[in-house]
Amino acid sequence: MVKPFIIGTHNAGPFLYAGVDALKAGGSALDAVEAATRLVESNPDDSSVGLGGIPNILGVQEMDASLMCGRTLRTGAVGALKGFIHPISVARKVLEEAPHVMLVGAGAEHFARVMGCEEGSLETESSRKVYRAFVEDTFEHGGIDQSQEWVVTYARSQNLRQWYERLADKHHGTVNIQAMDENGDMASAVSTSGTALKFPGRLGDSPVIGAGNYCDNRFGAAACTGRGELAIRNSTARTIIHYMEDGLSIKEACFRAMKDIHALKSFGGMNCLALDVKGGTMSASTREDRESTYWYMDVGMRAPETRKGINVKQ
Ligand code: ASP
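Before going into details, it helps to say that this report is about the structure given with it. (Residues numbered from 1 in each chain as written. Predicted model: local features only at pLDDT ≥ 70, side-chain atom pairs only at ≥ 80, totals over all residues. Heavy atoms only, no water.)

The subject of this paragraph is the overall build of the chain. For the chain, the count of helices and strands is 10 helices and 13 strands. In terms of overall size, the chain behaves like a compact globule, its C-alpha atoms giving a radius of gyration of 19 Å where 314 residues would be expected to give roughly 20 Å. Dimensions along the principal axes, computed over C-alpha positions, put the chain at roughly 65 × 45 × 35 Å. Relative to its 314 residues, the chain shows a buried fraction of 56%. Within the chain, residue pairs in contact and separated by at least 24 positions form 66% of the contacts whose partners lie at least 6 positions apart. Of the roughly 13,400 Å² of accessible surface on the chain, 49% is carried by carbon and sulfur atoms. (Helix = DSSP H or I, 4+ residues; strand = E, 2+ residues; numbered from the N terminus. Rg over C-alpha atoms; globule rule 2.2 N^0.38 Å. Buried < 20%, exposed > 50% of the residue type's maximum accessible area, 1.4 Å probe, protein only. Contact = heavy atoms within 4.5 Å. Areas by Shrake-Rupley, 256 points an atom, 1.4 Å probe, with all protein chains shown as cover.)

In C-alpha cells:
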C-alpha cells in the first residue's frame, strides 16, 4: 500500500501541503484535492485560476471547474461560473448535492447561491490591466460598450480563428490536482478561468468530464491543461484511462494521448497529469520548448518535490 499522496501541476506546488494536511487528518482524496485547489484559486498571482483569472472578451471572468471521485465515479462540474470565490467547491456541491453532474452559467450560479457558496469578485488590478490592454490594443480610441452588440461588431471584423490563436495563446493555464488516500481511493480536480478573452459561454475541457478530467479507482486518474478544444475533440482524459485499462503503462498512455493531440494538426499545446492504481505518477506535454514537470507530496514529506514528465514530439 502506498503512502497517501497528492500531485499537482506547476502552479500547485506551494499549495499541496493543504491536501497533505487533509490526508493526514484522515480526509478523503476528494477532501485533499479540494483543499489544495481552493488555495490555488485564492492565489492572486495565478492569472488563470480563480482570483485574478483573465476575463472573457466582455471583461467578465467565467470560471470552469470539475472534480471526480475514483471510487464512485461521481462527478461535479461547473462552467462559465461568475462571481464565486471557489469554483471547485461549487463543483463539489454539484457532486454531492445535485441530481446532475454539470451546471453552467446562470443555472450554476443559482445553484451555488442555494448551496451557500461564497460569493465575491475575482477581479484584481492585474486582471483588469490585461483586459484594458486588450481593449486599448483593439480600439485606437479605447472605450467599449460591453454588450453583445459590441462582440458581434468586433467578431465580424476578425478572422475568428486567427484572433483566437493570437489572444488565447498569451494568457491561459489551469490547475490539475490528484490524490490517493489511505483507502487507495483517488480523486482528480481541475480549475481554470479558461483561455483569455474567450467568447462568453465558451467552455473549455476542464468542466467536461472525459475531456479535461477523469478518475476511476480501477485504472487511474488523468487531467489536462492547454488548449481545451483539443482535449474535448480527443476526450483526452478518458482516453488516457482507456489506454491504461488496455494495458499500457502510465507513461505509454500519456505519450500516446499527446501523440493523438499532435495528430489533430491544430494550433495550441496540451499537457496531462496522471496517476495509476499502484501510485505511479506522470505528466506529459506536446510542447518542446518547456520541460514537463509537476509536484508530488506524500504524508511523510515536509515539502513537495518536483518530478519530471515527458515531452512528446510531433
Ligand atoms: N484548458 C484550459 C481551457 O481550455 C486552459 C488552459 O489550460 O490553458 O479552458
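Let us look at unusual backbone geometry. Residue Ala80 is not a glycine yet carries a positive backbone phi of 50 degrees. Within the secondary structure, Ala80 sits in strand S3 (residues 75-81). Given a relative accessible area of 7%, Ala80 falls into the buried group. Here the phi dihedral of Lys265 falls at roughly 50 degrees; this positive angle occurs in a residue that is not glycine. Inspection of the secondary structure puts Lys265 in the loop between helix H10 (250-263) and strand S9 (270-276).

Another point: the site of the ligand. Taken together, His172, Gly173, Thr174, Gly194, Thr195, Arg202, Gly204, Asp205, Thr225, Gly226 and Gly228 make up all the residues around the ligand. Taking Thr174, its side chain carries an N or O atom lying 2.5 Å from an oxygen atom of the ligand. Gly226 places a polar main-chain atom, nitrogen or oxygen, 2.6 Å from a nitrogen atom of the ligand. Relative to its unbound accessible surface of 270 Å², the ligand loses 100% to contact with the protein. More than half of the atoms belonging to the ligand lie within 2 Å of the grid points that define the largest cavity. Tallied by class, the residues present in the shell around the ligand amount to no nonpolar, 9 polar and 2 charged. (Near = heavy atom within 4 Å. Polar contact = N/O pair within 3.5 Å; in protein donor to acceptor, adjacent residues only side chain to side chain. 1 Å grid on protein atoms, 1.4 Å probe; cavity = no way out; pocket = protein on both sides within 12 Å on 5 of 7 lines; lining within 4 Å. Sits in = over half its atoms within 2 Å of the grid points. Nonpolar A, V, L, I, M, F, W, Y, C, P; charged D, E, K, R; others polar.)

Quick look at the sheet that holds strand S5 (residues 175-180) now. Pairing between the strands of a sheet is mediated by backbone hydrogen bonds and can be parallel or antiparallel. One open sheet holds the 8 strands; their spatial order is S4-S3-S2-S6-S5-S1-S11-S12, and the pairing between them is mixed. At either margin of the open sheet sits one strand with a lone partner, and together these are strand S4 (102-104) and strand S12 (305-308). Averaged over all pairs of adjacent strands, the angle between their axes in this sheet comes to 15 degrees, without regard to strand direction. Note that strand S11 (residues 293-298) and S12 share 4 bridges and pair antiparallel. The partner of Tyr296 across the bridge, within S12, is Glu305. Together, strand S1 (5-9), strand S2 (63-69), S5 and strand S6 (186-192) form the strand contacts of helix H2 (residues 29-42), whose direction differs from that of S5 by roughly 155 degrees. (Pairing = 2+ DSSP bridges. Axes fitted to C-alpha atoms, helices over the stretch in contact; angles between N-to-C directions.)

Below, the discussion takes up H10. Taking 1.5 Å of rise per residue, 14 residues should cover 20 Å, and H10 covers 20 Å from first to last C-alpha, within 8% of that figure. Taken as a whole, H10 has its buried residues at Ile250, Ala253, Cys254, Ala257, Met258, Ile261 and His262. Just downstream of H10, Lys265 is the residue with a positive phi angle, here 50 degrees. (Expected span 1.5 Å × (residues − 1).)

Time to look at the environment of Gly194. Tracing the backbone shows Gly194 in the loop between S6 and strand S7 (213-216). When its relative accessible area of 8% is taken as the criterion, Gly194 is described as buried. Along the primary structure Gly194 and Lys251 are separated by 57 residues, whereas in three dimensions their C-alpha atoms are 27 Å apart. In contact with Gly194, other than residues within four places in its own chain, are Ser48, His172 and Arg202.

Let's shift gears to the side chain of Thr9. Mapping Thr9 onto the fold places it in strand S1. Look at Thr9 and you get buried, because its relative accessible area is 10%. The residues touching Thr9, leaving out its near neighbours within four places in the chain, are Thr174, Val175, Asn176, Thr225, Leu273 and Trp295.

Structurally, Gln61 is set in the loop between H2 and S2. Of note is the side chain of Gln61, whose polar atom sits 2.8 Å from the backbone oxygen of Gly53. A polar contact is formed between the side chain of Gln61 and the backbone oxygen of Leu122, at a distance of 2.9 Å. In contact with Gln61, not counting residues within four places along its chain, are Gly52, Gly53, Pro55, Leu81, Lys82, Leu122, Glu123 and Ser127.

Of all 10 residues making up helix H9 (residues 236-245), 7 are buried, and the element is well covered by its neighbours. Among all positions in H9, only Thr236, Ala237, Thr239, Ile240, Ile241, Tyr243 and Met244 are buried. Of the surrounding secondary structure, the elements contacted by the buried residues of H9 are S7, strand S8 (220-226), helix H8 (228-234), H10 and S9. Immediately beyond the C-terminal end of H9, within one or two residues, lies Gly247, with a positive phi of roughly 110 degrees.

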